Each structure stands twice: as structure tokens, then as C-alpha cells.
Amino acid sequence: MEHVLTLVIRVEKNARPQQTDALEAAAHAVLAILADDRSIGAGEWAEAMAAWQDHRIRKVVRRARGAEWRRAEALPGITVTHGTAEVRVFPPVPLDDVPKDLAKLQVTGTDFDQPEPPAVPHPSTPVLWVNPALQMSSGKTMAQVGHGAHLAWLALSPAARKDWATTGFPLVVRTANPAHWTQLLHTAFPVVQDAGFTEITPGSRTVIAEHPGLRPS
């Protein structure tokens, strides 16, 4: 049975998150639940996490504000605050069993602005590179960078995962320029290939996860 992991971003009427913060918060949230003690071993979320990862690692991003956000906060999950963005991630559930307080939240309306260009990343910082040729909403892009962080996590050694978690999962999200994207496609870094349920063509390559721990030695 296919499962889905839900991410909810807080979007208050007069306090919208910035684009880069929202994307990076989504990636952090996915990593936080992957590394959480409740997701592994005999943890309360472990069975659901395993069932989810045995199929497509499907993720859905929704938005909430006010009472909607407070109801979402009352459900089991993890909240990540990053800059102007606040994202809560929930353990995966079967597609037909999403809690009502999450299922009724809107998927649309997650297009955010980025007032200032983000800084150039430091060479030692993991980067989730977004395909510059695709037009995706902020919510769709959040799901894709979540996939990218997830694939990077799976590709790392246990020791590298531990180091990444211990340091608070440093990472940035940036849109590659076309030439750099082409170069990245010829590397061994994990590539997200979208199933094409929404917005883009099935098989589109959306994000490449460049983690220093995955560079050739």
C-alpha cells in the first residue's frame, strides 16, 4: 500500500515565508523525521516509515494558517523553523488515511517571493540544486528538494549521516544555471526524477543533491 508524507508550511495572511527559506525548511524537515528516533528501530513511526520507503517516497506540501496551523500542530509530527519559514512534517500514512485536519488543507497558494538573491554556497555545504528549466510552484519545489535531501541521506554512509545530523543538517537550496545543471547531470550525485503527478512532465529531473560526502575521493 502506497504511503504519503505530508509537509505543512505556515502561511499567515500578513507573514508569508521567503522562497529559499521555505525550500530549505522543507529539506530540513524531511531529514529531521528520517533521523528521528521514532522513525527507526522499534520507534512508533518506524513501521510507517519503512512502508513509505518501500514504495515511491511520495510527499505532499500543504499550507495552513491560524486555527488550521494550530490543529496541525496538535497532530504527531516535527516542526522546523528556518528563517522566515515554519514547516511541520508528519509521519507517512496510507494515501486514503491522511488525517482530516491535513487532508482539507490547500495545496495551492504556495508561491513565495525571494526579495534578495541567496548567497553563493560555501564549497563544504551540501547543496540541493534545482533544475533551471522547469516552472514549478513553491510547494512543488519544496516536495522536490525534500526528495533530494532524502536521496542524499540514503546515499550517505551511516557515519556521514550521523555527522550531518549532529551538525543540524547544514544545507542550502539553489537554482543551478543551465551550464552547471548540465555538468551536474554527468556526476554521480543523486537525481530526483519526478513521477509527474502534478505540474511537470513525468520523468522530469528536478533536483540534484550535491553532498560533499558523496563526492569522489
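Computed from a prediction, not measured in an experiment: that's the story for all the values here.

Participant: Even after reading the chapter, I still don't get the pairing of strand S9 (residues 205-210), so can you show me in this structure?
Facilitator: For a regular strand, side chains alternate in direction, first toward one face of the sheet and then toward the other. The element S9 is largely enclosed, with a buried count of five among its six residues. Note that strand S6 (residues 127-130) and S9 share four bridges and pair antiparallel. The residue of S9 that forms the bridge with Trp129 is Ile208. Here strand S8 (residues 191-193) runs beside S9; their pairing, made up of three bridges, is antiparallel. Paired with Val192 across the bridge in S9 is Val207.

Participant: Any chance you could explain the side chain of Asp36 here in plain terms?
Facilitator: As for its position among the elements, Asp36 is in the loop between helix H1 (19-35) and helix H2 (46-53). Asp36 sits in the buried class, given a relative accessible area of 17%. With sequence-adjacent residues up to four places away left out, Asp36 is seen in contact with Trp45 and Ile78.

Participant: How should the sheet that holds S6 be read in this particular structure?
Facilitator: What holds strands together in a sheet is hydrogen bonding between their backbones, with the strands either parallel or antiparallel. Spatial strand order, S7-S6-S9-S8: four strands in an open sheet with mixed pairing. Two strands in the sheet have a free side with no partner beyond their single neighbour: strand S7 (172-175) and S8. Between one strand axis and the next, the sheet turns by 20° as a mean value, whatever way the strands run. Packed on one face of the sheet, H1 meets S6 and S7 and runs near 130° to S7.

Participant: Sorry if this is basic, but what is going on with the layout of surface pockets here?
Facilitator: Taken as a whole, the largest pocket encloses approximately 600 Å³ of empty space. In terms of lining residues, the largest pocket is bounded by 30 residues, among which Lys59, Val60, Lys140, Ala143 and Thr198 are the most central. Listed by contribution, the elements that provide at least two residues to the lining of the largest pocket are strand S1 (3-10), strand S2 (59-64), helix H5 (138-155) and S8. Per-element accounting of the lining of the largest pocket gives the leading share, six residues, to H5. A volume near 250 Å³ is recorded for the second largest pocket. If you go around the second largest pocket, you meet 14 residues; those closest to its centre are Gln19, Leu23, Val130, Thr141 and Thr175. Secondary structure elements with two or more residues in the lining of the second largest pocket: H1 and S7. Partitioning the lining of the second largest pocket into residue classes produces seven nonpolar, six polar and one charged.

Each value, and the rule that gives it
Numbers given for residues are sequential positions, taken from 1 along each chain in its written order. Where local features are concerned, this predicted model is filtered to residues with pLDDT of at least 70; where side-chain atom pairs are given and counted, the filter is 80 or more; whole-chain, interface and lining totals use all residues. To get the side-chain values, take all heavy atoms of the structure and skip hydrogens and water. Only protein chains enter the area calculation, which uses a 1.4 Å probe; residues under 20% of their type maximum are buried, those over 50% are exposed, and those in between are partly exposed. Segments assigned H or I by DSSP are reported as helices when at least four residues long, segments assigned E as strands when at least two residues long, and all are numbered from the N terminus. Strands pair, by our definition, only if DSSP identifies at least two bridges between them. The criterion used for residue contact is that any of the two residues' heavy atoms lie within 4.5 Å. The axes used here are C-alpha line fits, helices contributing only the stretch in contact, and every angle between their N-to-C directions lies in the interval 0 to 180 degrees. Using only the protein atoms, space was sampled on a 1 Å grid; points where a 1.4 Å probe fits but cannot get out form cavities, open sets with protein on both sides within 12 Å along at least five of seven lines form pockets, and lining residues are those with an atom within 4 Å of a point. Grid points are joined across faces, edges and corners, and a volume is the space filled by probe spheres set on the points. Any residue that is not Ala, Val, Leu, Ile, Met, Phe, Trp, Tyr, Cys, Pro, Asp, Glu, Lys or Arg is counted as polar, Gly included; the first ten are nonpolar and the last four charged.

Function cannot be read off these values alone, since they describe shape.
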